Amino acid sequence: RSLSALEGLQQIRVQLSREQGVVRLIGLSGVGKTRLAQALFDERLGEGALDPSLAVYTNLSHGPNPPPVAMASDLAAQQSRAILIVDNCGQELHRQLSEVCKASGSRLSLLTVEFDIKDDLPEGTDVFDLQPSSDALIEKILEHRFPTLSQVNAQSVSRFAGGNARVAIALAGTIRSGESVAELRDAELFGRLFHQRNHPRSEE
């Protein structure tokens, strides 16, 4: 069912506050999955913030050593209370970590973060799908980050970004003062985003 960001935050907190709670957070790149994971421990947002001292975070793209399963196994064997957060975690790794966290005597909770999901998740995993932001919200973000950006440009950028705040911010950063991008085609906006104010090299 559909939840607001704050409602989803609260429900994830409830699950992870329980020993052996397992949550899978999915969503397209740039929608704010990692930021939401950080917000779980931020007492300024909502109620029941998780204890930051329990957080054990890693990102698979950084090549963590020891590997997440080894770390989880050691913590479970020591009966340590911890909340594991594994970013860019694939389906099979999620399954392995879930088994460790749900083993008898484990005091671990698990949050895995990934851009996609399949239907064969282990039983007992709560899945939260973070949806892209609305154009109106993206416009507010741009208004805050780029005070001199015109409303027309903010609307054009928001429409092109399709709810992806990261894309919108990157594209807005290429717009010079007094310039308008309202009449540019999507291909031209993509070119600006790709080159990020750097002129493409001419082929000799």
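Structure: see above.
A brief report on the enclosed structure follows. Quantities reported herein were computed from a predicted structural model and do not represent experimental measurements.

A short note on the overall build of the protein chain
When helices and strands are counted, the protein chain shows eight helices and five strands. Reading the protein chain from its N end, one meets helices and strands in the order α-β-α-β-α-β-α-β-β-α-α-α-α. Across its three principal directions, the C-alpha atoms of the protein chain cover 60 × 45 × 30 Å. Put simply, of all contacts in the protein chain between residues at least 6 apart along the chain, 73% involve residues at least 24 apart. In the form shown here, the protein chain has an accessible surface area of approximately 12200 Å², with 49% of it arising from carbon and sulfur atoms.

Some details on the nonpolar core
Ranked by size, the top nonpolar core spans 18 residues in total, and within it I12, L16, L25, L40 and L111 carry the most contacts. If you list the elements that add at least two residues to this core, you get α1 (5–16), β1 (22–26), α2 (33–39), β3 (82–87) and β4 (108–114). Beyond its immediate sequence surroundings of up to four residues, I12 is in contact with V23, L36, L40 and F128.

A few points about the packing of helix α5 (residues 135–145) against helix α7 (residues 165–172)
The geometry of α5 relative to α7 is characterised by a closest axis approach of 10 Å and an angle of 40 degrees between their N-to-C directions. Overall, the two elements α5 and α7 adopt an arrangement that is oblique. Here the hand of the crossing between α5 and α7 comes out right-handed. For the pair formed by α5 and α7, the contact residues are I138, I141, L142 and R145 on the first element and A165, A168, I169 and A172 on the second.

Brief notes about the pairing of strand β2 (residues 55–59)
Here five bridges tie β2 to β3, and the two strands are oriented parallel to one another. Across the sheet, residue A55 finds its bridge partner in β3, namely I83.

A closer look at the pattern of salt bridges
Counting across every chain of the model gives four salt bridges. The partner of R44 in a salt bridge is D42, with the nearest N and O atoms 2.8 Å apart. With a relative accessible area of 69%, R44 lands in the exposed category. R176 is the partner of E179 in a salt bridge, and the nearest nitrogen-oxygen pair spans 3.7 Å.

What to know about the environment of N164
Position of N164 among the secondary structure elements: in the loop between α6 (151–161) and α7. For the pair formed by N164 and E92, sequence separation is 72 residues and the distance between their alpha carbons is 27 Å. Those residues in contact with N164 that lie beyond four places of it in its chain are S29, G30 and I138.

Quick look at the pairing of β4
Along any regular strand, the residues point their side chains to alternate faces of the sheet. With seven of its seven residues buried, β4 lies for the most part within the structure. By the alternation rule, side chains of β4 split into L108, L110, T112 and E114 and S109, L111 and V113, which are all buried. In this sheet, β4 lies alongside β3 in parallel orientation, the contact comprising six bridges. By the bridge assignment, I83 is partnered in β4 with S109. A crossover connection joins β3 to the parallel β4 through helix α4 (residues 91–101); in handedness this β-α-β unit is right-handed.

Things to note about α1
For α1, with twelve residues, the first-to-last C-alpha span of 16 Å sits near the 16 Å given by 1.5 Å per residue. Every buried residue of α1 is listed here: G8, L9, I12, R13, Q15 and L16. Mapping the buried residues of α1 onto a view down its axis gives an arc of 160 degrees, with all of them on the same face. Elements in contact with the buried residues of α1: β1, α2, β3, β4 and β5 (125–129).

What about unusual backbone geometry?
Between N65 and P66 the backbone carries a cis peptide bond, its omega angle lying at 5 degrees. Topologically, P66 is positioned in the loop between β2 and α3 (68–77). Even without being a glycine, Q79 presents a positive backbone phi close to 55 degrees. Its relative accessible area of 47% is what places Q79 among the partly exposed residues.

Cut-offs applied
- Residues numbered from 1 in each chain as written.
- Predicted model: local features only at pLDDT ≥ 70, side-chain atom pairs only at ≥ 80, totals over all residues.
- Heavy atoms only, no water.
- Helix = DSSP H or I, 4+ residues; strand = E, 2+ residues; numbered from the N terminus.
- Contact = heavy atoms within 4.5 Å.
- Areas by Shrake-Rupley, 256 points an atom, 1.4 Å probe, with all protein chains shown as cover.
- Core = buried A, V, L, I, M, F, W, Y, C linked by side-chain atoms within 4.5 Å.
- Buried < 20%, exposed > 50% of the residue type's maximum accessible area, 1.4 Å probe, protein only.
- Axes fitted to C-alpha atoms, helices over the stretch in contact; angles between N-to-C directions.
- Parallel < 35°, antiparallel > 145°, perpendicular 65-115°, else oblique.
- Left-handed = near helix turned anticlockwise from the far one by under 90°.
- Pairing = 2+ DSSP bridges.
- Salt bridge = Lys/Arg side-chain N within 4 Å of Asp/Glu carboxyl O.
- Right-handed = clockwise from strand over helix to strand, strands pointing away.
- Expected span 1.5 Å × (residues − 1).
- Arc of directions from axis to C-beta.

The values are spatial; any link to function lies outside them.
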